[in-house]
Amino acid sequence: MKKSIVIAGVGGQGVITAANIVAKSALKDGYNVVMSELHGMAQRGGNVECTVRIGDVYSPIVANGTADAIISFEPLEALRNLPKVKKEGIVLTDVNPIIPPLVSLGIGKYPELEEIFDRIAMHCKLIKINADDLARKAGSILTKNVVMLGAMTALKILPIKEESILGTIKETIPEKYVEMNVKAFELGKEEMAKKN
Amino acid sequence: MELLGIGKKVLLGNEAIARGALEADVDVVTTYPGTPSSEIADSISMVARYLKGSGEEVPFYFQYSTNEKVAIEFAAASAYAGLRALTCMMHVGMNVASDAFMTYAYVGCKGGHVIVTADDPSCHSSQNEQDNRLYARFASLPMLEPSNPQEAKDMTIKAFELSEKLKLPVILRITTRVAHARGVVELKKLNMKKKIGKFEKGGLAVTVPDVARKLHPVLLEKIEKARKISNESELNFVEGDGEYGIITSGVSYNFVKEAVDDLGIECKIFKIGMSYPLPDEKIADFLKSCKKVIVIEELEPFLEEGIKVIAKEKKIDVEIFGKGYDALKRYYEYSPDIVYSALAKFFGKEWKMENVEVNATPRPPVLCPGCPHRATYYAVKQVAPEDTIYPTDIGCYTLGLLPPYETADFLLCMGSSIGTGCGFSHATKQKVISFIGDSTFYHAGLPALINAVHHNHNFVVVILDNSTTAMTGHQPHPGNEIDGMGNEAIPIDMEKVVKGIGVKYVEVIDPRNLKEAKEAIKRALEYDGLSVVISKAPCILLERKLKKERKIYQINQEKCKKCKVCITKFACPAFYMDGEEVKINPALCTGCGVCPQVCPFNAIEVVE
C-alpha cells in the first residue's frame, strides 16, 4: 500500500505543522511514513509544500501524477501543485486567495478564481472549502490548518484513524488552544459531510 | 522533550543526526547556521537549553561559532584532546572550513569527529549546488552518505566509531531531501556523560613542511585502511537479483527502490552508504556479475568515475551508464520522475511521464511586513544615484534583489559584499553601497572591511544589524548577550569594532526613521573615503514575539490620492488593492510605523 498527499499553502499558514500532525498520526496507527518539507527562503511569504507518504514508501517526494490528493490552503497553490495529483485524485482547496506581493506591484497576475477551479476540475475531483470562515468560527484564523485536517479526515483520503489525528493535535498544540482547534477540526469535518 | 525520548518517533533528518550525536555521547558540537543544515545544531541548542532549564547539567558543550572555519578548528582541538565532536554546516560552509580541514586530515584526531555537510542540489536556498563529496576525495577523508532519517542517525553513530578507528575526521554528507525529510526513527537509550579532554604533547601536530611531508603518507595509509573497512562495511550492500545492476547512494536510493518496485524491474541494487573510499573489491565483484550497470546519483559523477576507474583497473568489461543517459544530468536534484524515466528506458519498461501544464504565477519569498531592511532599502533608493552599484551578501536582505528595491547587483558568498565593494570602487567611477547583515559581518565581513580601511577605498558599507541570524532561524551571533547554550555571552559592540579598525566615518541609525536614514546615507555617499552606516533595528519576527501589543495602521480613503507609492516603491506585503482602493491587511500589519512616512498625503493612520 502506498498513499501520498501534498499539503500546500503560503508561508505562515501552518502547512508544515499540519503535515507533521498527519505524519505523527500515521506512525501512531502503525504505518511507515516519510515526509518532505522545504525551509529557509521559503518561509518569507513564499509558497510552501509538504509531501506526506505512508505505506511501502521510500521517497520523500512524489513523481508527477501519482499523489492521491492535494490539500491546499490557498487556490493558486492548489493550481501550482496540480501536476502532482493523479487523474482520479482529489484536490481539496480553500477558496480564499492570497495575492503574491509581486502581483500587487503589477508583476504577473493572479488568475481568476473560476479559471483556477475549472482547470483543476478538468484534471481531477475538485472539492472547495471556505476554511477561513470556518477557522474564524472556531475562534481564530490560525486554526485554518486544523480545519483543513478535519476536512481531509472526513474525505478519508488516508487510512489514518480520526482519533489518531485528534490525539496528535492535542499533543502538538499548546493546551490553551486545544479546545479551539478541536472545534476547528469538527467544523472542517462537518463541512465535508454537508457536501456529500 | 521529543528529542530526548525513546522508541519510534517521526524525526527530521537533521534532528536524527542531532539525536545520533547524543546517543554517541558527543562532547562538543559546533556550527555556523546554514540551510539545509541548521536544524542539526538548533536541535542540540534546544536540548542544551532544555536541560539547563530543568536544572540538569548539560553533558556536552555547544557553540554557534563565528564561521565554519572557527567551528571546525574548535571541534578539531576538542577531538585532538580526545573528546567526541560534531561540526555541521551547509555545503558552501565547507569552503570556508576547507583551509582548516585540508590540513586537519594530515594531523587527524583522537576522539571521534564527524563533519556534517548538507548539500543543496537545485539551490533551494543556496548560491550554488556544489557536490561536497568531492571534498572527501580532495582531503582524503572517509565519507558516509545516509538516504533517510533512520540512516542519518545510525550513520552518525557509525561515523564516530569509524573516526576513532582511523583517527581521522569523517564526513557525513546529506542533501536537502535527507536533511529536510521526515521519517520514522527508532530512538535508543541515551547515556550522556560530561568528559574532560587531555592534550598530549609531542604528537606530530605542528604542520611545518617537515612534519607535513611525514604526515601525508600517513594519511594515505589511513585511507587504505578505510578502503578495507569500506569493502567489509554493511553500509555497502547488494540487494535483489538479475543480470543488470544499479549502483546508487543517498536520496537517489529511495527513488531507485520505488521505481524498481513500481516498474517491476528485475535487477541487483548496490546501495553505497560509505562512498569514500569506494569499496573497490565489492564493486568489482558486482560489476563482474552484471551485463550492464547504471549509476544513479545527483550532481557530479562521483560514484560513476570511481566505478569506471575500478572497472578499468580490474579489467572488467562491462558497460557502465550514468550522467548523460536519458535525463540524468549533472545539475539540479533528481526526482522520482527523472529516475523512473531513466530506469524504464534502461530496463525496457513502459513509463509515461505525466505532464500537466499549469500556469501558476510565481510566489517568491519577500521581505516580511515590518522588516527593517525594507526601510533601509527605501531610504537608500531615495538618495543614491541611479547607477550606484549594490554589492550584497548572504541573508534575508538578499531579497532586496526583487523590485521595487533592486538593491542587489552582485553576490558571491558570505562577506563578499565588502570585498567586491573594494573592487568595484576601484574599478569604476560609480558610487558603491555594500549591504551586509550583522551575523554575516562577523562571519566574513571583518577581514574585507580591514582591507577597505587599510587601502583607503572609497565607498559605503551599510551593515544591516537586526540583532540575529534571521534567515536560518534566528540563531544568536557574537553581537548577542546569550549564546547557543542559553548562557550569558559577551556581546561584541559593532560600532566600537568598526571604529576600532580605523573607519573614520561611522553612523548608527534606526532605519525606521526614514528622514534620519536618508540624511545619513546621503552624508555617507558624500564622504570622501570609506564610510560605514550601521542600520540598527531588530528583526520584526523577533520583535513581534516580544511585544504583547501592537498598533496597526489603516488607510484613510478620503485622504488617499491613489498615488500608490506605498505599493510601488515601499512594497510592504501588508498593502493590497481592493478594487480601486489601497488597503492594509490588518493581519499582516506589524505597526512598524514606516509607511506613514512614505505617504505624501498623510493618509496612513493608526487604527484607534
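Just so you know, these numbers come straight off a predicted model, no measurement behind them. (Residues numbered from 1 in each chain as written. Chains lettered and ligands numbered in written order. Predicted model: local features only at pLDDT ≥ 70, side-chain atom pairs only at ≥ 80, totals over all residues.)

A. Layout of the overall build of chain B. When helices and strands are tallied, chain B shows 20 helices and 22 strands. For chain B, whose C-alpha radius of gyration is 27 Å, the value lies close to the compact-globule estimate of 25 Å for 608 residues. Burial statistics for chain B: of 608 residues in total, 52% are counted as buried. (Helix = DSSP H or I, 4+ residues; strand = E, 2+ residues; numbered from the N terminus. Rg over C-alpha atoms; globule rule 2.2 N^0.38 Å. Buried ≥ 20, exposed ≤ 12 C-beta atoms within 10 Å, placed from the backbone.)

B. Representation of the nonpolar core. By size, the foremost hydrophobic cluster in this structure holds 180 residues, and its most contacted members are I7, A19, V33 and V147 of chain A together with V116 and V339 of chain B. Once residues lying within four places of it in the same chain are set aside, the contact partners of V116 of chain B are I17, S37, I40, L86, C88, L172 and I174 of chain B. With 65 residues, the next largest nonpolar core counts F459, I463, C589 and V594 of chain B among its residues. (Core = buried A, V, L, I, M, F, W, Y, C linked by C-beta atoms within 7 Å. Contact = placed C-beta atoms within 7 Å.)

C. Spotlight on the domain arrangement of chain B. Residues and elements named next belong to chain B. Looking at chain B, the domain boundaries give domain 1 (2–231), domain 2 (235–347), domain 3 (372–544) and domain 4 (553–606). Put simply, the middle of domain 1 and the middle of domain 2, counted by C-alpha atoms, are 27 Å apart. Taken together, the contact pairs 24 residues of domain 1 with 24 residues of domain 2. At the level of secondary structure, the elements contributing two or more residues to the side of domain 1 that touches domain 2 comprise helix 5 (133–139), strand 6 (143–144), helix 6 (149–166), helix 7 (176–179) and helix 8 (209–232). (Domains from an automatic or database assignment.)

D. Unusual backbone geometry, seen in detail. Residue and element names in this part refer to chain B. Here the bond from T35 into P36 is cis, since omega is 10°, no more than 30 degrees from zero. Note that P36 resides in the loop between strand 2 (28–31) and helix 2 (38–53). Between Y276 and the following residue, P277, the backbone shows a cis peptide bond with an omega angle of -10°. Structurally, the position occupied by P277 is in the loop between strand 12 (274–276) and helix 10 (280–288). One non-glycine residue, L299, lies in the positive phi region at around 60°. With respect to the helices, strands and loops of the structure, L299 is situated in the loop between strand 13 (292–296) and helix 11 (302–313).

E. Molecular detail of the interface of chain A and chain B. Contacts between the two partners involve 47 residues from chain A, matched on the other side by 46 residues from chain B. Taken together, the elements giving at least two residues each to the side of chain A that touches chain B come down to helix 1 (15–28), strand 2 (33–36), helix 2 (75–81), helix 3 (101–104) and helix 4 (113–123) of chain A. Here the side of chain A that touches chain B is built from residues that sort into 28 nonpolar, 13 polar and 6 charged. As paired elements, strand 2 of chain A and strand 8 (residues 181–187) of chain B share 3 bridges and run antiparallel to each other. Opposite M35 of chain A, over in strand 8 of chain B, you have R182 of chain B as the bridge partner. (Nonpolar A, V, L, I, M, F, W, Y, C, P; charged D, E, K, R; others polar. Pairing = 2+ DSSP bridges.)

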